[in-house]
Amino acid sequence: MDEQTLGTASPELRARFEAAGGKPVYVRRMFGRIARVYDGMNRIMSLGLDGRWRRFAVHHIVLGPHQSGLDIGTGTGDLAIELAQASAPTAHVVGVDFTPEMLEHGRAKLIRLGLANRVELRQGDGEHLDFPDDSFDACCSAFVVRNMADLHQGFGEMLRVVRPGGRMACLEISHPRNLVFSALFDFYFGKFVPVLGSLIGRAFDAYTYLPTSVTAFPKAPKLKRIIEEAGWSDVRYYYLFGGVVAVHVAIKPTAQ
Ligand SMILES: C[S@@+](CC[C@H](N)C(=O)[O-])C[C@H]1O[C@@H](n2cnc3c(N)ncnc32)[C@H](O)[C@@H]1O
């Protein structure tokens, strides 16, 4: 199995990906299994802060009248919903995800919230987007790029489908900078969350993937360099909650 299919990962994770037939297959199956409990687990794991973090991210890419935005790895649609609610009422948001079970929960939520005409959820692969160049005014993702097999490819695809001058916001779990806080975070994510996942969703395996995938993920300054290498300009990042999460924002250069 080649490097691209396995992605950047610890030996333990690589073995899991290899057994499943590659990282994308492993990730898709895992989210398919936990789709039912995903929203509830997010609220609990983030101590109710995940909504605030998403609002901070979309605030950098708010859409004007008749503009359109793309949410990569939209899952059950929470970031797409925040973007639509922060944007002009005539703005349109498309959410793409490769796990049908997550999208099903997202569609039901959009109907409940009366947003089905403003947010459209489609099945698709964020690393191989099915949209023409320059189709969107902005794009975003939350808790997704860590799951990608190839970060350069993922950020390159986002760049391709956003128009020149358009914006990108990426919210992802990061690495706390304070050593004490970092040790607490490791314990919480590494020991407590998997037990919680198995109690609530009978998904111990899925919620052990979470801490191991974070360990293997680049720190914020390195992620900034990867985003720049993919072609984005004016890349900046913000730490939230002591660096537990980071939001990277960038602009597509007007002349390439
Ligand atoms: C942790 S969930 C995040 C969902 C949502 N963005 C949120 O804020 O709650 C990660 C989602 O990304 C999706 N995903 C991961 N890699 C993907 C890819 N290459 N293409 C499309 N979806 C992907 C998974 O299916 C899953 O639904």
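Placed above this text is the structure.
Notes on the structure in this doc start here. (Residues numbered from 1 in each chain as written. Predicted model: local features only at pLDDT ≥ 70, side-chain atom pairs only at ≥ 80, totals over all residues. Heavy atoms only, no water.)

1. A closer look at the packing of helix H4 (residues 50-58) against helix H5 (residues 78-86)
Phase 1: Two numbers describe how H4 lies on H5: the axes approach to 9 Å, and their chain directions differ by 55 degrees. One element, H4, and the other, H5, form an angle in the oblique class. The element H4 and its partner H5 pack so that their crossing is right-handed. Only Asp78, Leu79, Glu82, Leu83 and Ala86 of H5 make contact with H4, whose side of the interface consists of Gly51, Arg54, Arg55 and Val58. (Axes fitted to C-alpha atoms, helices over the stretch in contact; angles between N-to-C directions. Helix = DSSP H or I, 4+ residues; strand = E, 2+ residues; numbered from the N terminus. Parallel < 35°, antiparallel > 145°, perpendicular 65-115°, else oblique. Left-handed = near helix turned anticlockwise from the far one by under 90°. Contact = heavy atoms within 4.5 Å.)

2. Topic: the site of the ligand
Phase 1: By nearness alone, 20 residues border the ligand, and Tyr38, Gly73, Asp97, Thr99 and Gly126 come closest of all.
Phase 2: Measuring from a nitrogen atom of the ligand, one finds a backbone N or O atom of Gly73 at 2.8 Å.
Phase 3: When the ligand is considered free in solution it has 590 Å² of accessible area, and contact with the protein chains removes 98% of it.
Phase 4: Using a 2 Å cut-off from the grid points, one finds that the ligand occupies the largest cavity.
Phase 5: Broken down by element, the shell around the ligand gets its largest block of residues, four residues, from helix H3 (residues 23-45).
Phase 6: In terms of residue class, the shell around the ligand is made up of eight nonpolar, eight polar and four charged. (Near = heavy atom within 4 Å. Polar contact = N/O pair within 3.5 Å; in protein donor to acceptor, adjacent residues only side chain to side chain. Areas by Shrake-Rupley, 256 points an atom, 1.4 Å probe, with all protein chains shown as cover. 1 Å grid on protein atoms, 1.4 Å probe; cavity = no way out; pocket = protein on both sides within 12 Å on 5 of 7 lines; lining within 4 Å. Sits in = over half its atoms within 2 Å of the grid points. Nonpolar A, V, L, I, M, F, W, Y, C, P; charged D, E, K, R; others polar.)

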